[in-house]
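Residues per chain, in single letters:
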Amino acid sequence: MPPTLASLVHHSALKLTVRAGEDHLDVPVRWAHSSELADPVPYMEGGELLLITALKLDAEDPEAMRQYVKRLAGAGVVGLGFAVGVHYEDIPEALVEAARREGLPLLEVPRRTPFLAISKAVSAAIAADQYRAVTAGFAAQRELTKRALADGPEGVLAALAAQVDGWAALYDTAGAVVAAAPEWAVRRAARLTADVQRLRERPAPASSVVGAADDSGRSENADRVELHSLGTSRKARAALAVGTAAPLGTAERYAVHSAIALLTLTTERSRSLHAAEQRLGAAVLRMLLAGEPDHARTVAGDLYGDLLDAPFRMIVAESASASAARVHAGPQARVPVAKPSAAAQAAADTGGDPLGALAEVVESAAARAGEAVLVVPEGERLVVLATDGGAAVAACAAYAAALEASRPTPEPITGGDEGGLVVGLSAPSGPIAASAAYKQADQALSVARRRGRVCVEHEHLAAGSVLPLLADDAVRAFADGLLRALRDHDATGRGDLVASLRAWLSRHGQWDAAAADLGVHRHTLRYRMRRVEEILGRSLDDPDVRMELWLALKATSPE
């Protein structure tokens, strides 16, 4: 620890005597400085032991001394050393009384002790304290490195918590607690999720100091918590929290910096490794889609092998701008699965990228649950293979639901929503049916795009109605063209053929029931249906014709 007034008083070579402020000798001394100015306060920084001979002071004037000592105490001077036998044989009582009033320690310096000796003693003690701190910091660095190699991030956190006499926690990109030490710190660290998320919004490296209430929620016992972003890119990959009862000392600061470096190495995969994993994942996916599950399993190895041993879901996601382009290009405009592009490899490092954000959410959830997940970014499309019923699929659904809730009303996807996302999920599948699962996810994505939804699961498509699928400009154009001749006929006032056709089809061709609905004789209805056949040039006996006409009526219905 740094030198204190008490350690200087106990220094055998200095022979200092305490004349006032005996109860405040345990304060640290940042430096020893001599000044004969009547007002040295402008040159003080706080924490100094001020040494004087009272050359320019009227040390016997009680009022002058009260003002002098009060200014020193207000400036943060921790003690006053008075040299006797120079200008005064003894410390004037006015100065002693002023020091007692302010609680400022007053030390008597004998004539044979030069101020330089006191300054050297303070300097030597500060240097020794710094050396001890550096030595302790190197020892902590060795211990942290040893634990990192043996136990990974959990070992680093445990060693760091012991070094700072507090607690430490590691957060993922979403602000969720990945690990904490000691175990009781998990709940306390979880309360800082919002602070971690705010830290992540700042360019890395970033840090902040916050307070964390104890487990009972009392703020008066709040820890001092330092938050540090982890990662080598401008967007943080993780965050470290260090909670202590008091500000960190030099040795503890060395330990925290070492932990930041080690956790960065253990939590941030290098760009080359990440690119290699993406290439491997893309190869596995291509083999699955090509109907080669055995080869895919061999290539997957330990990295993705567990994923292929249980039912999985295929997830296909696109940015809203890409989906809008596909709407105009047609349903066959599909991005093939291939080697990840450079833009896709850097997607997670760019802010405001919905696919990069979804990838982070899915990967973080899988990492917390210990699941394998295959994420293949390709241009403006993201393909994910995740365990059915696992954390990654749940996180994807929750993320999509949050985006859905933030949108005003569902509308067909257009190019205006630059930060939007469209997601399709397949039904549970296995390696043999991976190609079918991809097609299901692609179909679900197409439906989500046309319905203006963020996410659609293929399993839910059959549970709804086919009628919403008719809400398409091309379908409406076909329906208008098919019924135009009948509407033109009705516009002349020569009969209500469209309404009659609707009633007849809704009654499955039952003449009496349909005629009753219209309030006409059944012979009148038969005549109208013959006119429909004549105008359209189609037979209503053909079930395909009846189906097309019914769908056309539904597509153009104002209801």
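Everything here concerns the structure above.
Notes on the structure in this doc start here. Remember, predicted model here, so these are calculated numbers, not experimental data.

Side note on the sheet that holds strand β14 (residues 421–425)
- Taken in spatial order, the 5 strands of this open sheet run β12-β13-β11-β14-β15, and their pairing is mixed. Every interior strand has two partners, whereas the edge strands, β12 (373–378) and β15 (455–457), have only one. Adjacent strand axes in the sheet meet at a mean angle of 15°, parallel and antiparallel pairs treated alike.
- Where strand β11 (residues 312–319) lies against β14, 5 bridges are found, and the strand directions are antiparallel. Within β14, the residue paired with Val 316 across the bridge is Gly 424.

A short note on the sheet that holds strand β5 (residues 106–109)
- Reading across from one edge, β1-β5-β4-β3-β2 is the order of the 5 strands in this open sheet, with mixed pairing throughout. At either end of the open sheet lies a strand with only one pairing partner, and these are β1 (17–20) and β2 (31–34). Taking the axes of each pair of neighbouring strands and ignoring which way they run, one obtains an average angle of 30° across the sheet.
- In terms of strand pairing, strand β3 (residues 48–52) meets strand β4 (residues 79–83) through 4 bridges, oriented parallel. Bridging across to β4, Ile 52 finds its partner in Phe 82.
- With respect to the sheet, helix α4 (residues 115–164) is in contact with β2, β3, β4 and β5, its orientation differing from that of β2 by roughly 160°.

Thoughts on the packing of aromatic side chains
- One pass over the full model with this rule turns up 3 aromatic pairs.
- With 6.4 Å between their ring centres and 45° between their planes, Phe 138 and Tyr 254 make a pair best called tilted. Of this pair, Phe 138 sits in helix α4 while Tyr 254 is found in helix α7 (residues 250–267), placing the two residues 116 residues apart along the sequence.
- The class for Phe 138 is partly exposed, based on a relative accessible area of 44%.
- The interplanar angle of 40° and the centroid separation of 5.5 Å between the aromatic rings of Trp 504 and Trp 511 together place this pair among those described as tilted.
- In this structure Trp 504 comes out as buried when scored by relative accessible area, which is 8%.
- Trp 511 gets classed as partly exposed once you look at its relative accessible area, which sits at 23%.

Analysis parameters
- Residue positions are counted from 1 within each chain, in the order its sequence is given.
- Predicted model: local features are reported for residues with pLDDT of at least 70 only, side-chain atom pairs are reported and counted for 80 or more only, and whole-chain, interface and lining totals are derived from all residues.
- Side-chain metrics in this entry use all non-hydrogen atoms of the structure; hydrogen atoms and water are not considered.
- Only strands joined by at least two bridges in the DSSP assignment are considered to pair.
- Note on conventions: DSSP H or I runs of at least 4 residues are helices, E runs of at least 2 residues are strands, and numbering of each starts at the N terminus.
- Fitted lines through C-alpha atoms give the axes, limited to the stretch in contact for helices. The angle between two N-to-C directions lies from 0 to 180 degrees.
- Throughout, a residue-residue contact means that at least one pair of heavy atoms, one from each residue, lies within 4.5 Å.
- Ring pairs are drawn from Phe, Tyr and Trp, using the six-membered ring of Trp, whenever the two centres fall within 6.5 Å, and their geometry is named by plane angle: stacked under 30 degrees, edge-to-face over 60, tilted for the rest.
- Buried, partly exposed and exposed residues are distinguished by accessible area as a fraction of the type maximum, computed with a 1.4 Å probe on protein chains only: under 20%, between the cut-offs, and over 50%, respectively.

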